[in-house]
Amino acid sequence: MSWDQVLDLLVSILTTQSGLPNLVFKQVIMMGVAFFFLYLAVVKKYEPLLLVPIGFGIFLVNFPLVPLMGFTEHGAPELIRVFYKYGVEWEVIPCVIFLGLGAMTDFGPLIANPKTLLVGAGAQLGVFITYIGVLFFGFTLKEAASVGIIGGADGPTTIYLTAKLAPHLLGANALAAYSYMAMVPLIQPPIMRLLTTPEQRRIRMRQLRPVSPREKILFPLIGSILIILMVPAVAPLMGMFMFGNFMRESLVVKRLSDTAQNALMNIVTIFLGLSVGATMEAEKFLTVKPLLIFSFGLLDFVVCTFGGILTVHIMNLFIKEKMNPLIGSAGVSAVPMSARVSHSEGLKADPDNWLIMHAMGPNLAGVIGSAAAAGMFIAMFQ
């Protein structure tokens, strides 16, 4: 082979197999998006456990010609496509994450003050308003349902529902959900101050009663019966959630509970983040719908926060012992961040007013409420 032939071969390889000549401007933009979310995770510390793998997934998949999310010539899925297919598309990873969340959750505040279930339900207002709103912008019914659930502030639920109803929107929906969850301390306080008076923010609530171990161990069983009988479609998520909690409260499978809370949770979080990020290829993401999703996602969070606070205001008209309306904002299920925001705003109004445990009741109710809303959408469209 002559030198000219070798040179021609090298040029041919570089032009057909190298990524550089195939790099397009849209991919550069998406790399900038990836850097932005990595910045939020690393520098601002916003939801780093999820935004780091999601951001890096966006970064990797937007290199040209990379064998990550396609299929080989023999039809086998490539590396991250394997994670996506068997973890997200088959709806395994979101349910396993709910298992870990259940093992981490103490339902004591909700059991001690069960009326906060109503606050968690009221905080789902934005889910249904957004669902109706996006229909006027060309979204299908299934797409609208997947966008509406973003306001529930529950990432695994958003991913689970979107994978079922509108998998082509998975990346945009998941990124919107986790981005706004991370920005709860920025989004919620102005709304909370707008909807409450200084006197209302200073309302002190009576200390919660002690909850017995028997009540805690019975709660996941009774909760499963009530929720799954009413909304059977939510059984994969809520069943795993309550199973994880039962392991925690039974006190006889500490190793299993620890594994679900730590090692297993960390493993599936890595796979979930990479899989979701890798769905955000430039040609799919840089369209009108993802931009609308981010806009409606913000509206969704605002209305859900409003719904939770409004529910407390309405309840205070009928109950003798008034609740601090700040805990209503915790009805969005960004656990425990939204409860901490409620507590923080309460301390600003009264440095001796400790709301954290009171806010955890609506916060946990929000987890149940968002999963129930997702189950209703699944029942409607499948």
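Rules behind the numbers
Residues numbered from 1 in each chain as written. Predicted model: local features only at pLDDT ≥ 70, side-chain atom pairs only at ≥ 80, totals over all residues. Heavy atoms only, no water. 1 Å grid on protein atoms, 1.4 Å probe; cavity = no way out; pocket = protein on both sides within 12 Å on 5 of 7 lines; lining within 4 Å. Points joined across faces, edges and corners; volume = space filled by probe spheres on them. Helix = DSSP H or I, 4+ residues; strand = E, 2+ residues; numbered from the N terminus. Nonpolar A, V, L, I, M, F, W, Y, C, P; charged D, E, K, R; others polar. Contact = heavy atoms within 4.5 Å. Core = buried A, V, L, I, M, F, W, Y, C linked by side-chain atoms within 4.5 Å. Buried < 20%, exposed > 50% of the residue type's maximum accessible area, 1.4 Å probe, protein only. Expected span 1.5 Å × (residues − 1). Phe/Tyr/Trp six-rings, centres within 6.5 Å; stacked < 30°, edge-to-face > 60°. Lys NZ or Arg CZ within 6 Å of the ring centre and 35° of its normal.

A.B. asks: Could you clarify how one ought to interpret the layout of surface pockets in this entry?
C.D. replies: One way to see where empty space is left: roll a probe the size of a water molecule over the atoms. Estimated volume of the largest pocket: approximately 830 Å³. In terms of lining, the largest pocket is formed by 33 residues, of which the most central are Leu 101, Met 104, Met 265, Val 335 and Pro 336. Of all the secondary-structure elements, those providing two or more residues to the lining of the largest pocket are helix H3 (48–61), helix H5 (93–104), helix H10 (155–165), helix H11 (170–182), helix H17 (263–278), helix H20 (337–349) and helix H21 (356–381). A class-by-class count of the residues in the lining of the largest pocket yields 22 nonpolar, six polar and five charged. The calculated volume of the second largest pocket comes to roughly 520 Å³. Residue lining of the second largest pocket: 22 residues in total, with Leu 117, Ile 227, Met 230, Ile 368 and Gly 369 positioned closest to the centre. Of all the elements in the fold, those that place two or more residues in the lining of the second largest pocket are helix H6 (108–112), helix H7 (116–122), helix H14 (213–230) and H21.

A.B. asks: In this structure, what is going on with the environment of Pro 236? I would like to understand it.
C.D. replies: Within the fold, Pro 236 resides in helix H15 (residues 235–250). When the C-alpha atoms of Pro 236 and Val 211 are compared, they prove to be 28 Å apart, with 25 residues separating the residues in sequence. Beyond its immediate chain neighbours, meaning those up to four positions away, Pro 236 contacts Cys 95 and Tyr 160.

A.B. asks: How should I be thinking about the nonpolar core in this particular structure?
C.D. replies: In a soluble, globular protein the nonpolar side chains are often hidden away together inside. Counting residues in each nonpolar core, the largest one holds 108 residues, and the members touching the most others are Phe 107 and Leu 272. Leave out the neighbours within four places in its chain, and Leu 272 touches Leu 50, Val 88, Ile 93, Ile 97, Ile 159 and Tyr 178.

A.B. asks: Help me understand H3, please; the structure alone is not making it clear to me.
C.D. replies: In an α-helix, one full turn covers 3.6 residues, which means residues spaced three or four apart are oriented alike. Counted at 1.5 Å a residue, the expected span for H3 with its 14 residues is 20 Å, and the 19 Å between its end C-alpha atoms agrees. Every buried residue belonging to H3 is among Leu 50, Leu 51, Pro 53, Ile 54, Gly 55, Gly 57, Ile 58, Phe 59 and Val 61, and all of these are buried. Looking at the buried positions of H3, the neighbouring elements they touch are helix H2 (25–42), H11 and H17.

A.B. asks: Where do I start with the environment of Ala 121 in this structure?
C.D. replies: For Ala 121, the position within the fold is in helix H7. Distance from Ala 121 to Cys 304, taken between C-alpha atoms, is 9.7 Å for residues 183 residues apart in sequence.

A.B. asks: Please clarify how the packing of aromatic side chains should be interpreted in this entry.
C.D. replies: The way to describe two aromatic rings as a pair is by their centre distance and the angle between their planes. If you walk through the whole model with that rule in mind, you get 16 aromatic pairs. Taking 5.5 Å as the distance between ring centres and 40° as the angle between the ring planes, the aromatic pair formed by Phe 35 and Phe 59 counts as tilted. Remark: Phe 59 occurs in helix H3 and Phe 35 occurs in helix H2; sequence separation between them is 24 residues. Relative accessible area serves as the criterion here: at 48%, Phe 35 is assigned to the partly exposed category. The exposure class assigned to Phe 59 is buried, which follows from its relative accessible area of 18%. Each ring, one from Phe 56 and one from Phe 59, has its centre 5.4 Å from the other, and the planes form 65°; the classification is edge-to-face. With Phe 56 and Phe 59 both in helix H3, this residue pair falls three residues apart, about one helical turn. Take Phe 56: its relative accessible area is 40%, and that puts it in the partly exposed class. The structure contains a cluster of three or more aromatic residues connected by ring pairs, namely Phe 35, Phe 56, Phe 59 and Phe 63. Here Lys 85 stacks its cationic end above the ring of Tyr 86, 5.8 Å away from the centre of that ring. The aromatic ring of Phe 139 is capped on one face by Lys 289, whose charged end is 5.2 Å from the ring centroid.

Distances and angles like these do not, on their own, reveal function.
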